[in-house]
Amino acid sequence: MQDLKGITFDEYVILRQKDFPSAQGDLSKLLRDIALASKVINREVNKAGLVDILGMTGVRNVQGEEVQKLDEYANEQMIKYLKAGGQCCAMGSEEEEDFIIVTDEHAQEAHYVVLFDPLDGSSNIDVNASIGTIFSIYKRVSTGIPTIHDILQAGKHQVAAGYVIYGSSTMMVYTTGNGVNGFTLDPTIGEFCLSHPNIQTAANGKIYSINEGETNNWPQYVRDYVSYCKENVKDENRPYSHRYIGSMVADLHRNLIKGGIFIYPPTTKAPKGKLRLLYECNPMAFLVEQAGGKATDGLNRIMDIEPTELHQRVPVYIGSKNMVEKLEAFKAAE
Ligand code: AHG
Ligand code: MN
Ligand code: MN
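The following refers to the structure shown.

Rules of the game
- Residues numbered from 1 in each chain as written.
- Chains lettered and ligands numbered in written order.
- Predicted model: local features only at pLDDT ≥ 70, side-chain atom pairs only at ≥ 80, totals over all residues.
- Heavy atoms only, no water.
- Pairing = 2+ DSSP bridges.
- Helix = DSSP H or I, 4+ residues; strand = E, 2+ residues; numbered from the N terminus.
- Contact = heavy atoms within 4.5 Å.
- Axes fitted to C-alpha atoms, helices over the stretch in contact; angles between N-to-C directions.
- Donors = N, O, S within 2.8 Å, 3.2 Å for Na, K, Ca; no water.
- Buried < 20%, exposed > 50% of the residue type's maximum accessible area, 1.4 Å probe, protein only.
- Phe/Tyr/Trp six-rings, centres within 6.5 Å; stacked < 30°, edge-to-face > 60°.
- Lys NZ or Arg CZ within 6 Å of the ring centre and 35° of its normal.
- Parallel < 35°, antiparallel > 145°, perpendicular 65-115°, else oblique.
- Left-handed = near helix turned anticlockwise from the far one by under 90°.
- Nonpolar A, V, L, I, M, F, W, Y, C, P; charged D, E, K, R; others polar.

Quick notes on the sheet that holds strand 11 (residues 261–264)
Piece 1. Read across the sheet, five strands follow the order 10-9-11-13-12 without closing on themselves; strand pairing throughout is mixed. On the outer flanks of this sheet lie strand 10 (241–242) and strand 12 (294–296), each paired with one strand and no other.
Piece 2. On top of the sheet, helix 8 (residues 277–290) reaches strand 12 and strand 13 (316–319); it is set at about 30° to strand 13, its chief contact.

Here it is as structure tokens:
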């Protein structure tokens, strides 16, 4: 394929549409709507440090406006741009208890539903660490007024998924099921430009990411696997390095690029794990599988799980294929 590095996200999705004639034009429009929302969110994320100067969240700023929490702001922007774009008939968000039906005139003709975590890792905002927006796109399965069945689809039916990371630079990483591509926002022109074509994750990584403070609350097989990660076995590159930001987007982005495993197991406090199937684990599983990695709940492929509720939680073991399989072997030996 010709070297497309540097081309803009908008140009890229239009070009790829020609490569895959089955992809419908309105999917590329939908992806561009999400990119636009994320640029608006990015602008506000970049100002987050100024909140201390302009006023804390929840109080009025000098203009007499309520200073909004960033995750609420991000949620509003996603909803606003998805509604305005006209390609989305229903959506589900971490910040909304129920799914949202778009009631605009032509919404029922729109083909897609979008599930999203508008701001992931939001506890990191105060300390300038990376945060992100995660999205997952499906084709609707009903006709007429969208129903919960459009929302509760297994991850294997996703037509696209991705995240935007607001980090030392802002990047959008997405897949439509034909590999994973990463675009870095060039703030001078306000465009995402292709910087990481065809991202592949190593089969054997050297990083494990888990909240180690919870060690005493993990199942035994997770403790055993983490002890294995720490063993001195030079030939196998062990001990691995432990890296954990506490922001799924940032932890998984690093592991995708460098190779590694991200673990959020069941704990005694959270027996089903903490992370959400529909707008955290499924989109990340789609990306990681497309990059050659693996994502399971210890028994099942994440993308095979039939969801029963919008905010369902699931344990997740995701990343470099051989590392995930090693952890599964520890579970099987239990
Ligand atoms: P959110 O900010 O959307 O609520 O998500 C936070 C999540 C996820 O980003 C991260 O991996 C995890 O919480 C960290 O949880 P612990 O603090 O329990 O490790
Ligand atoms: Mn989250
Ligand atoms: Mn969130």
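That covers the picture; the talk isn't over yet.
Here we look at the coordination of the manganese ion (ligand 3)
Piece 1. Distances from the manganese ion (ligand 3) to its protein donors, Glu94 (OE), Asp117 (OD) and Leu119 (O), fall at 2.0 to 2.3 Å.
Piece 2. Going along the chain, you hit the donors of the manganese ion (ligand 3) in the pattern E-x22-D-x1-L.
Piece 3. In this structure the manganese ion (ligand 2) is found 3.7 Å away from the manganese ion (ligand 3), and Asp117 serves as a bridging donor for the pair. The pair formed by Asp117 and Leu119 is uniform in burial state, with each residue classed as buried.

A short note on the packing of aromatic side chains
Piece 1. On inspection of all chains with the given rule, the structure shows ten aromatic pairs.
Piece 2. Ring pairs connect the aromatic residues Phe9, Tyr12, Tyr174 and Phe183, which therefore count as one cluster.
Piece 3. In this arrangement the basic side chain of Arg238 is found over the ring face of Tyr228, its NZ or CZ atom lying 3.7 Å from the centre.

So, the packing of helix 6 (residues 220–230) against helix 9 (residues 321–332)
Piece 1. In the contact formed by helix 6 and helix 9, the axes pass within 8 Å of each other and the chain directions differ by 135°. Between helix 6 and helix 9, the angle is such that the two are oblique. Crossing hand, helix 6 versus helix 9: right-handed. On helix 9, the residues touching Tyr221, Asp224, Tyr225 and Tyr228 of helix 6 are Met323, Lys326, Leu327, Phe330 and Lys331.
Piece 2. In terms of residue class, the contact of helix 6 with helix 9 is built from six nonpolar, no polar and three charged.

Looking at unusual backbone geometry
The bulk of non-glycine residues show a negative phi, and the bulk of peptide bonds are trans.
Piece 1. Looking along the chain, the bond that leaves Arg238 and enters Pro239 is cis, with omega of 5°.
Piece 2. Tracing the backbone shows Pro239 in the loop between helix 6 and strand 10.
Piece 3. The phi dihedral of Asn128 falls on the positive side, at around 60°, and the residue is not glycine.
Piece 4. As for its placement among the helices and strands, Asn128 is situated in the loop between strand 3 (112–120) and strand 4 (131–139).
Piece 5. On the basis of relative accessibility, which here comes to 70%, the residue Asn128 falls in the exposed class.
Piece 6. A positive phi angle, close to 45°, is found at Asn198, a residue other than glycine.
Piece 7. Note on placement: Asn198 falls in the loop between strand 8 (191–196) and strand 9 (207–209).

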